[in-house]
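Reading the structure
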Amino acid sequence: MSYPVDETAFVEDARRLLSLLERYREQSISRERPAVRLPPLQTLVEELELARPLKRGGLTGQSLEDFVKRYLEATTRLHHPGFLAHQTPAPHYAGALGSLIDGFTNNPMAIYEMGPPAAAIELFMVNWLLERVGWQPQPLDAAADPGSHAGGVLTHGGSLANLTALIAARSRIAPEVWSEGNPPDLGLLASSQNHYSIARAAGILGLGARAVESLAVDARGRIVPDRLPVALGRLRDAGRRPMALVANAGSTALGLYDPLEEIAAFCREEGIWLHVDGAHGASALLSPKLRPLLRGIEQADSLIWDAHKMLRTPPLCAAVLLRDHRWLDQAFQQEASYLFHDKRQPGVDLIQRTVECTKAALGLKLYLVVAAMGEQGLAGFVERQTALARDAWAFFEGHPDFSCPVRPESNILCFAWRDWDERHLALRDRLIGQGDFHLSTAQINGRWHLRAVFMNPLTTLADVERLADRVAEEAAGL
Ligand SMILES: Cc1ncc(COP(=O)(O)O)c(C=O)c1O
């Protein structure tokens with residue numbers, strides 16, 4: 001049976017798509033289209049006219065253009081200055097071009113021979129990140145390996161990065177785990193403010209919620225170093241050994257930084273692996289002004305850092321970074337003769353460091369963004385977004401109808417309308433229905449708040465003032 005293989009339309013189709021994307025960007029930036037629109041699922045499936053071309057194919061040329069127009073109309077627009085909902089950036093276009101190159105060439109580079117330039121760029125960019133932390137980069141020439149150095153790998157997202165880092169932590173305390181299974185006494189010290197992927201990773205690792213000891217936090221949700229011995233005592237009294245302590249460098253709800261220096265001193269004293277979740281906040285390392293927020297980071301054992309958050313890289317690109325590469329190199333111990341064996345060929349296979357087998361050219365996207373914006377350009381972006389969140393905080397604090405639970409340390413700001421609690425949920429729904437602003441919500445100390453994440457470089461304080469007016473209007477209608 002023959003089937004149509006007509007890929008000659010590539011250049012023509014790509015040209016059409018580029019002009020659609022350009023128009024999309026303009027309509028988003030100019031607010032001509034809403035930041036968000038949420039039709040019911042069934043309606044959307046019908047609007048997109050998905051079913052028609054599936055049997056016979058042929059979605060190309062004008063019909064492809066029409067489909068992409070329908071798709072773009074329905075998107076949540078991260079380029080819109082009113083998009084403040086989540087920790088996802090309007091990606092720098094250079095990174096999006098990287099996604100196109102990667103999608104087209106498909107070089108799954110966890111095996112060097114499957115993507116030499118992608119693998120080389122990943123190692124190069126992991127070293128760039130390691131150096132930003134203050135850790136010793138990995139030698140690119142095995143013959144020049146000094147033995148002790150840091151290591152890392154890129155993963156498809158921060159959740160997988162947290163899991164990978166905790167698997168590496170387990171490989172230190174329980175090196176026999178792949179043959180014997182988990183020792184029954186493993187425990188974890190974590191904060192209630194950790195991203196849920198930490199609890200999920202603990203579950204995937206087979207720890208069980210009872211093995212996770214919750215660390216005391218202050219009113220702002222930051223770990224209290226003086227209370228760490230109590231938590232450790234409780235864990236030990238329960239007959240458990242801590243596999244790791246997990247701290248935040250940029251918590252999800254409020255974007256706050258745990259006091260890493262004091263926590264690291266405690267961990268060093270007690271021989272506990274310190275894992276820092278810097279998925280959101282590690283990008284402050286690029287800025288000499290903001291870097292002190294992560295004081296002590298170089299003493300951590302592992303750090304994750306999402307480029308697809310504050311480094312304006314398209315999804316997904318997260319880094320798992322370890323001060324000592326050995327624990328990552330022994331984290332996974334599977335056999336697969338068709339992939340893992342000593343090869344007499346150049347390069348390094350990263351597949352031993354990842355959950356993933358097929359892995360995209362994640363480093364390429366990050367590289368293209370950093371190379372386009374420059375390290376200083378990215379530092380300026382992080383500083384600008386942080387300053388905007390702080391200006392917005394000052395604005396809301398000075399407004400008679402708004403208040404904020406904490407002054408932001410990063411670009412995430414929670415705020416409340418009057419003394420409202422769960423009515424903020426309905427308020428957010430009304431804002432979404434209106435479409436000019438897309439916010440999220442978070443519970444802080446048991447009370448619901450509106451949450452703004454300033455990811456878009458075109459959002460200004462004037463937008464915040466407009467947002468305040470809009471909130472007042474919608475609140476009046478509730
Ligand atoms: C602190 C923190 N860690 C981890 C994650 C998970 O990252 P990802 O969404 O890339 O899986 C997030 C996502 O919001 C986060 O805020």
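Described in the following lines is the structure provided in the data block.

Scoring rules and cut-offs
- Residues numbered from 1 in each chain as written.
- Predicted model: local features only at pLDDT ≥ 70, side-chain atom pairs only at ≥ 80, totals over all residues.
- Heavy atoms only, no water.
- 1 Å grid on protein atoms, 1.4 Å probe; cavity = no way out; pocket = protein on both sides within 12 Å on 5 of 7 lines; lining within 4 Å.
- Points joined across faces, edges and corners; volume = space filled by probe spheres on them.
- Helix = DSSP H or I, 4+ residues; strand = E, 2+ residues; numbered from the N terminus.
- Nonpolar A, V, L, I, M, F, W, Y, C, P; charged D, E, K, R; others polar.
- Pairing = 2+ DSSP bridges.
- Axes fitted to C-alpha atoms, helices over the stretch in contact; angles between N-to-C directions.
- Contact = heavy atoms within 4.5 Å.
- Buried < 20%, exposed > 50% of the residue type's maximum accessible area, 1.4 Å probe, protein only.
- Right-handed = clockwise from strand over helix to strand, strands pointing away.
- Phe/Tyr/Trp six-rings, centres within 6.5 Å; stacked < 30°, edge-to-face > 60°.
- Lys NZ or Arg CZ within 6 Å of the ring centre and 35° of its normal.

Comments concerning the layout of surface pockets
- Looking at the largest pocket, its volume works out to about 1,200 Å³.
- Around the largest pocket, the lining comprises 33 residues; the ones closest to its centre are Leu21, Tyr24, His79, Pro91 and Ala96.
- Those elements that place two or more of their residues in the lining of the largest pocket are helix H1 (10-29), helix H3 (61-74) and helix H4 (93-105).
- Here the residues of the lining of the largest pocket sort into 21 nonpolar, 8 polar and 4 charged.

Focus on the sheet that holds strand E4 (residues 241-248)
- Across the sheet, 7 strands lie side by side as E1-E7-E6-E5-E4-E2-E3; this open sheet has mixed pairing. Each edge of the open sheet carries a strand with a single partner, namely strand E1 (151-155) and strand E3 (212-215). The sheet shows a mean angle of 20 degrees between the axes of neighbouring strands, taken without regard to direction.
- Contacting strand E2 (186-191), E3, E4 and strand E5 (274-277), helix H8 (residues 196-204) runs over the sheet at an angle of about 175 degrees to E2.

What about the pairing of E3?
- Side chains of E3 alternate between two faces, with Glu213 and Leu215 buried and Val212 and Ser214 left unburied.
- Two strands pair when backbone bridges link them, and E2 and E3 are joined in this way by 4 bridges, in the parallel orientation. Bridging across to E3, leucine 188 finds its partner in valine 212.
- Each parallel crossover has a hand, and the one from E2 via H8 to E3 is right-handed.

Description of the packing of aromatic side chains
- Taken as a whole and judged by the stated rule, the model has 8 aromatic pairs.
- A centroid spacing of 4.7 Å and a plane angle of 35 degrees characterise the contact between phenylalanine 10 and phenylalanine 104, whose relative ring orientation is tilted. Of this pair, phenylalanine 10 sits in helix H1 while phenylalanine 104 sits in helix H4, and the two are 94 residues apart along the sequence.
- Among the residues examined, phenylalanine 104 registers a relative accessible area of 57% and is labelled exposed.
- Ring plane angle 55 degrees and centroid distance 4.7 Å describe the contact between phenylalanine 396 and phenylalanine 402, whose orientation is recorded as tilted.
- For phenylalanine 396, a relative accessible area of 1% puts it in the buried group.
- In textbook terms, an aromatic cluster arises when at least three aromatic residues are bridged by ring pairs, as seen for Phe395, Phe396, Phe402, Phe415 and Trp417.
- The side chain of arginine 312 reaches across the aromatic face of phenylalanine 381, ending 5.6 Å from its centre.
- Of note, arginine 407 hangs over the ring of tryptophan 393, and the distance from its end group to the ring centre comes to 5.6 Å.

Remarks on the sheet that holds strand E10 (residues 440-444)
- One open sheet accounts for 4 strands, arranged E8-E9-E11-E10; its pairing is antiparallel. Two strands close off the open sheet at either side, each with one partner strand: strand E8 (402-403) and E10.
- Relative to strand E11 (residues 447-453), strand E9 (residues 412-417) runs antiparallel, the two sharing 4 bridges. Following the sheet pairing, isoleucine 412 is matched in E11 by valine 453.

Structural notes on the environment of glycine 152
- Assignment of secondary structure puts glycine 152 in strand E1.
- Using a relative accessible area of 1% as the deciding quantity, one classes glycine 152 as buried.
- For the pair glycine 152 and arginine 70, spaced 82 residues apart in sequence, the C-alpha to C-alpha distance is 40 Å.
- The residues touching glycine 152, leaving out its near neighbours within four places in the chain, are Val126, Gln138, Val320, Leu321, Leu328 and Arg353.

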